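Residue-level structural notes
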Amino acid sequence: MKILSNVFVCTSGNNLELADISFDDKIKSVRKITELTWDDISTNEKKQRFISEIESKKHLQRKDTIYGNYLLAMPGAIDPHVHFDTPGFEFREDIEHASIAAAFGGVTTIIDMPCTSIPPVTNLENFNTKLQAIRNRSLIDFAFWGGIGGNCFFDYKKNIFELREAGIAGFKVYTISGMKEFSDLTYDQIKSVAINLAEYGKPMAVHAEDKFIVTSIMNERIKLGKNSWQDYTESRNTKAEVFAIKKLIQIAEETKVKMLIVHLSSGESIKLIQQAISNGVDISAETCPHYLYFTSDDFNKTEIRNYLKSAPPVKDKSDKNQLWKALSENQMAFVSTDHAGCNPDNEKISENFWEVYGGIPGVEHRVPFLFSEGFLKKKITLEQTINLLSTNAAEYFNLGMKGKLSAGKDADITLIDLWNYQIVDSKKMHSKGKYTPFEKVKFNVVVDKTFLRGELIMDLKNNFVGKIGTGKYIKSEK
Ligand SMILES: [Zn+2]
């Protein structure tokens, strides 16, 4: 058994306790030494004062102790929306690179999307192909999304049944998709799938932008030879997201499916979702760091313009503020990354914005981002930050052993240094494609160490990386 001594653990709100955590592959106990609040240690000076008072009393020191160094311990972060591209699109990203990047970002479990691997995870055979390809190649634990694309719609009932048995976390569908291998569904098809998923209580994740609105503007602009970032963002406008969300709320209401709107970008959309929730509809939303930090004005910066492209695109300042407000009011399920990398030297260089690959590799930056921009800037509490990064996803997707620092759970522990800072440098990223719109942004937080089921898999100061293959497939329990 190991003991991680002298770590701060969040108990509620901005309340903490100084504790020792005992664990092997599971957490055995969290032993409280003393209680405190964030205000007691919120600056380096206050923290030093706190430590010298504690150390003058006593604390546990044994041979098998890992010194926690008075850092914050949180349950290993879970990123429920990533595209790690193995197998199939590994010229963009692969599970080795991405899982190492995740560990450096304090992430111990990801849920990989079904659409950016070949074959896509649309049936049991394809699921097994992907599991074989990833097995022994991941540093962190992984769960899978299944999906229903237009190209395999005819067999969806059989596939949902079999994939659910295999422990798939949920099912993804698109109202609009640019992918040949995984095409979009009509609203009627989405409703049919929703009826089926509602029987099992399985989540349905939806990419929500109305296809007709987007493609009619896009086609008109392309015909006129217009190809700027404005043309792109005007085609994927707020109206397109709002129109789709209205349709989807109706579907969720009628079918009682557990619906998740992924990468929500606009304030108007979150208002509609809040209203639906208060009417008893089982609908939730996630958003991503880029929607919480950038606005469309940032496309004027040529050095990050192409790196910031995503679908939907980032919106305006008022949208950003409303997303933060929703997080502070516990009106969103989680903050995910939609991690989607590429080789920037090939796919991020076009002057024609339609041709630029859309996707941001964010798995390494999400945890420091949310602590720095959310918690330290007092937009959300410490407890909310941890819920949005870990606990909520474990509960939502029934990953029973994850998401909490309590006895019996997997010893997935991330140590966060809230008294240190980093300046984002893409050259130091661990994902395959080394680029980010967050280049040169300062995060007042550093992820110090990551443990997966009791094993140290990342130690920043010693530049230590654990053994590839340590990660295993995690089944959703329901
Ligand atoms: Zn995605």
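In this text the structure is predicted, and so the values were computed from the model without any measurement. (Residues numbered from 1 in each chain as written. Predicted model: local features only at pLDDT ≥ 70, side-chain atom pairs only at ≥ 80, totals over all residues. Heavy atoms only, no water.)

A short note on the nonpolar core
When a protein is soluble and globular, its nonpolar side chains tend to lie buried together. Judged by nonpolar contacts, the single largest core of 127 residues is most densely connected at Phe 8, Ile 21, Met 204, Met 259, Ile 261 and Phe 371. The residue makeup of this core includes at least three contributed by each of domain 1 (2-74 + 407-465) and domain 2 (76-396). Sequence-distant contacts of Met 259, defined by excluding residues within four places in its chain, comprise Met 204, Val 206, Leu 248, Ile 251, Ala 252, Asp 282, Ile 283, Ser 284 and Tyr 396. In this structure, Ile 111, Cys 115, Tyr 174 and Phe 397 belong to the second largest nonpolar core, which totals 20 residues. (Core = buried A, V, L, I, M, F, W, Y, C linked by side-chain atoms within 4.5 Å. Buried < 20%, exposed > 50% of the residue type's maximum accessible area, 1.4 Å probe, protein only. Domains from an automatic or database assignment. Contact = heavy atoms within 4.5 Å.)

What about the pairing of strand β4 (residues 65-75)?
Buried residues dominate β4, accounting for eight of its 11 residues. Of the strand pairs in this sheet, β4 and strand β14 (residues 413-417) are connected by four bridges, and their pairing is antiparallel. Its bridge partner being in β14, Met 74 is matched across the sheet by Thr 414. (Helix = DSSP H or I, 4+ residues; strand = E, 2+ residues; numbered from the N terminus. Pairing = 2+ DSSP bridges.)

Digging into the sheet that holds strand β2 (residues 15-23)
Note: strands within a sheet are paired through backbone hydrogen bonds, in either parallel or antiparallel orientation. Here we have eight strands laid out as an open sheet, ordered β3-β2-β1-β4-β14-β17-β18-β19, and mixed in their pairing. The sheet is open, and its two edges are formed by β3 (27-37) and β19 (464-465), each paired on a single side. Sheet strands in contact with helix α14 (residues 366-375) are β4, β14 and β17 (446-452), and its direction is about 75° off that of β4. Strands β1 (2-12), β2 and β4 of the sheet are contacted by helix α15 (residues 382-396), whose axis makes an angle of about 85° with β4. (Axes fitted to C-alpha atoms, helices over the stretch in contact; angles between N-to-C directions.)

Description of the coordination of the zinc ion
Ligation of the zinc ion by protein atoms is provided by His 81 (NE2), His 83 (NE2) and Asp 338 (OD), these donors lying 2.1 Å from the ion. As a motif over one chain, the donors of the zinc ion read H-x1-H-x254-D. With His 83 in strand β5 (residues 77-83) and Asp 338 in the loop between β12 (334-335) and β13 (339-340), this residue pair connects regions lying 255 residues apart in the sequence. Both residues of the pair, His 83 and Asp 338, belong to the buried class. (Donors = N, O, S within 2.8 Å, 3.2 Å for Na, K, Ca; no water.)

Remarks on the domain arrangement of the chain
What the domain assignment lists for the chain is domain 1 (2-74 + 407-465) and domain 2 (76-396). Between domain 1 and domain 2, the residue contacts involve 42 residues of the former and 52 residues of the latter. Roughly 3800 Å² is buried in total at the junction of domain 1 and domain 2, and carbon and sulfur atoms are behind 72% of that figure. The tally of links between domain 1 and domain 2 comes to two salt bridges. For the pair domain 1 and domain 2, the interface holds 15 residue pairs in polar contact (both at pLDDT 80 or more). Elements supplying a minimum of two residues to the side of domain 1 that touches domain 2: β1, β4, β14, β16 (442-443), β17, β18 (455-459) and β19. Ranked by residue count, the leading element in the side of domain 1 that touches domain 2 is β17, at four residues. A breakdown of the residues in the side of domain 1 that touches domain 2 according to their chemical character gives 24 nonpolar, 12 polar and six charged. (Buried area = accessible area lost by both parts, 1.4 Å probe. Salt bridge = Lys/Arg side-chain N within 4 Å of Asp/Glu carboxyl O. Polar contact = N/O pair within 3.5 Å; in protein donor to acceptor, adjacent residues only side chain to side chain. Nonpolar A, V, L, I, M, F, W, Y, C, P; charged D, E, K, R; others polar.)

Quick notes on the packing of aromatic side chains
For the structure shown, the criterion picks out 33 aromatic pairs. On the basis of an interplanar angle of 80° and a centroid distance of 4.9 Å, the ring pair of Tyr 293 and Phe 294 is categorised as edge-to-face. A relative accessible area of 3% places Phe 294 in the buried class. Taken together, Phe 8, Trp 38, Phe 50, Tyr 67, Tyr 70, Phe 375 and Trp 419 form an aromatic cluster joined through their ring pairs. When the ring centre of Tyr 396 is taken as reference, the NZ or CZ atom of Lys 258 above it lies at 4.3 Å. Against the face of Trp 324 rests Lys 379, its NZ or CZ located 4.7 Å from the ring centre. (Phe/Tyr/Trp six-rings, centres within 6.5 Å; stacked < 30°, edge-to-face > 60°. Lys NZ or Arg CZ within 6 Å of the ring centre and 35° of its normal.)

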